[in-house]
Amino acid sequence: LCPQVPELGKATVRIRQPERVREIIQALREQGVAKLQVPALRGIAPALSFALLSLLHPPAPARLLPAPLGIVLCPWLSRPFLLKDLLHHYYPIEIDPNRTLEEKRPLMVEWWTKAHELLVQQKIHKSDIAQIVRESEAMLRDGFKEFFDQLHQNNVPLFIFSAGVGDILEEIIRQANVFYPNVNVVSNYMAFSEENNSVLQGTGYFQQLSTRTSIILLGDSMGDLTMADGVPSVENILKIGFLNDKVEERRKKYLDSYDIVLESDETLDVVNGILRYLLAE
């Protein structure tokens, strides 16, 4: 496919249009680093996507919880079984390949609302967040340091989208020692009152970087494909999708929508290989 990126030969890689992918990669390289940005994960299942699901080790389905509320906060929650109940009800809807995004969206908002209401009820203190993350199971995918380092060293903006809890996402990245100035978390943030109780406050997509028209989009759901919609004039976009669950059932839709599909791949090997080629002088 592309001799300069041998990682594309991994067994986890699926590509429906190899020639198109080759052309996009070459175009991204020709446009240069000054035009590149990387949006990673928004996801239409905000309560499910724990932190950076496209950047984190995907947990085994048997212990998957809607997090950051679940995996990160579960030991701290007074009634964690309520989150599991929400997961068992809404997660099959989120990954159902036979439902349209229009059908899923109101149900995902419903899931988001109920899950975050549970978080507010916990009255978490701002000072608790670092310890919560430290004691959690959150773990970035293999290769995360090279991924973050490459983008940082070349001043490439990294936007991490999630309708999870931004305070927790930032703390996960911070404790991994990769929260560089080029990293932007677009998420919901806690607003702490004087009594130190927590409420949630939404944030919007940053309307900026109009000159960054070359995009590598990383996602793990069909809804993530809209992440670049706010960019004024996209010249080249390479869409990389992580297919973590119900692989056989969902493969066709992913291949029809993403340029590169990574099946049950717990690493950032392919993404790092592409970046190495694009960023090489």
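In this text, all values refer to a predicted model and were calculated from it rather than measured experimentally.

Draft legend 1. Focus on helix α1 (residues 18–31). Taking 1.5 Å of rise per residue, 14 residues should cover 20 Å, and α1 covers 20 Å from first to last C-alpha, within 8% of that figure. Buried residues of α1: Val21, Ile24, Ile25, Ala27 and Leu28, and no others. For α1, the angular spread of buried residues about the axis comes to 160°, placing them on one side. One or two residues past the end of α1 sits Gly32, with phi positive at roughly 90°.

Draft legend 2. Up close: the pairing of strand β8 (residues 260–263). The two faces of β8 match: Ile260 and Leu262 on one face and Val261 and Glu263 on the other face are all buried. Inspection of the sheet shows strand β1 (residues 13–14) paired to β8 by two bridges, in the antiparallel sense. Its bridge partner lying in β8, Arg14 is registered against Val261. Here strand β7 (residues 236–243) pairs with β8 via four bridges, running parallel. Bridge pairing links Gly241 to Val261 in β8. Each parallel crossover has a hand, and for β7 linked through helix α7 (residues 247–257) to β8 it is right-handed.

Draft legend 3. Region of the structure containing unusual backbone geometry. In this structure, Asn177 is a non-glycine residue whose phi angle is positive, near 65°. Summarising the element assignment, Asn177 is placed in the loop between α6 (166–175) and β4 (183–192). Judged by relative accessible area, which is 61%, Asn177 ranks as exposed. For Ser264, which is not a glycine, the phi torsion comes out positive at approximately 45°. Structurally, Ser264 can be placed in the loop between β8 and α8 (269–279). Overall, the relative accessible area of 48% leaves Ser264 in the partly exposed class.

Draft legend 4. Just the pairing of strand β6 (residues 214–219), in detail. Here β6 lies mainly inside the structure; six of its six residues are buried. Residues Ser214, Ile216 and Leu218 of β6 are buried on one face, and the alternating residues Ile215, Leu217 and Gly219, pointing to the opposite face, are buried as well. Inspection of the sheet shows strand β2 (residues 36–40) paired to β6 by three bridges, in the parallel sense. Bridging from a neighbouring strand, Leu36 pairs with Ser214 of β6. One ladder, built from six bridges, connects β6 with β7; its direction is parallel. When the bridges of β7 are listed, Leu218 appears paired with Ile240.

Criteria and cut-off values
By convention here, each chain's residues receive numbers from 1 onward along its written sequence. Residue-level local features of this predicted model are given only where pLDDT is at least 70; pairs of side-chain atoms are given and counted only at 80 or more, and the full residue set underlies all totals for whole chains, interfaces and linings. With hydrogens and water excluded, all non-hydrogen atoms of the structure serve as input to the side-chain values. A run of DSSP states H or I qualifies as a helix once it reaches four residues; a run of E qualifies as a strand once it reaches two. Both are numbered from the N-terminal end. For a helix, the expected span equals 1.5 Å multiplied by the number of residues minus one. Working definition: with a 1.4 Å probe on protein chains only, accessible area under 20% of the residue-type maximum means buried, over 50% means exposed, and in between means partly exposed. Directions pointing from the helix axis toward each C-beta atom define the arc. Between any two strands, pairing holds if DSSP finds at least two bridges. Throughout, right-handed denotes a crossover for which the path from the first strand over the helix to the second runs clockwise when the strands point away from the viewer.

Bear in mind that shape data such as this cannot, by itself, settle questions of function.
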